[in-house]
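# Structural features, examined
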Amino acid sequence: MQAHPQVEDVQEMSCRALTNVCCGTDAAGRARSHRAAAAGAIQAVVAALQAHPQVAEVQQHGCAALTNACYSTDAAGLARKQ
């Protein structure tokens, strides 16, 4: 995402991939979300959303990725929502 910030398709597909990676409410899903967030996924998705405000697919899949990455009631999940 960082290598091609202006390429809409790259941003959309990356957001789709992060949505899937961060999916799951079990321990494994929470761990994947935590690792993705620690690697900068949330910031990368926000950058994609800001770079492509008129591209519906980037907005849709970016919001889904953020939802999955931040969904959790444990301390780490709550911190990601900040």
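Note that the structure is predicted; figures quoted are calculated from it, not measured. (Residues numbered from 1 in each chain as written. Predicted model: local features only at pLDDT ≥ 70, side-chain atom pairs only at ≥ 80, totals over all residues. Heavy atoms only, no water.)

In total, this model carries one salt bridge according to the counting rule given. Note that Arg16 and Glu12 form a salt bridge whose closest N and O atoms lie 3.1 Å from each other. Taken together, the residues Arg16 and Glu12, both in helix α1 (residues 8–21) and four residues apart, mark about one turn of the helix. (Salt bridge = Lys/Arg side-chain N within 4 Å of Asp/Glu carboxyl O. Helix = DSSP H or I, 4+ residues; strand = E, 2+ residues; numbered from the N terminus.)

Moving on: the side chain of Gln11. Mapped onto the fold, Gln11 is located in helix α1. For Gln11, a relative accessible area of 2% corresponds to the buried category. Within the structure, Gln11 has its side chain in polar contact with the backbone oxygen of His4 (distance 2.8 Å). (Buried < 20%, exposed > 50% of the residue type's maximum accessible area, 1.4 Å probe, protein only. Polar contact = N/O pair within 3.5 Å; in protein donor to acceptor, adjacent residues only side chain to side chain.)

Axis separation between α1 and helix α4 (residues 56–70) bottoms out at 8 Å; the angle between their running directions is 25°. Looking at the two axes, α1 sits roughly parallel to α4. In this structure, α1 crosses over α4, and the sense of that crossing is left-handed. Contacts from Glu8, Gln11, Glu12, Cys15, Arg16, Leu18 and Thr19 in α1 reach Glu57, Val58, His61, Gly62, Ala64, Ala65 and Asn68 in α4. Looking at the contact of α1 with α4, its residues break down into five nonpolar, five polar and four charged. (Axes fitted to C-alpha atoms, helices over the stretch in contact; angles between N-to-C directions. Parallel < 35°, antiparallel > 145°, perpendicular 65-115°, else oblique. Left-handed = near helix turned anticlockwise from the far one by under 90°. Contact = heavy atoms within 4.5 Å. Nonpolar A, V, L, I, M, F, W, Y, C, P; charged D, E, K, R; others polar.)

By themselves these figures say nothing about function.
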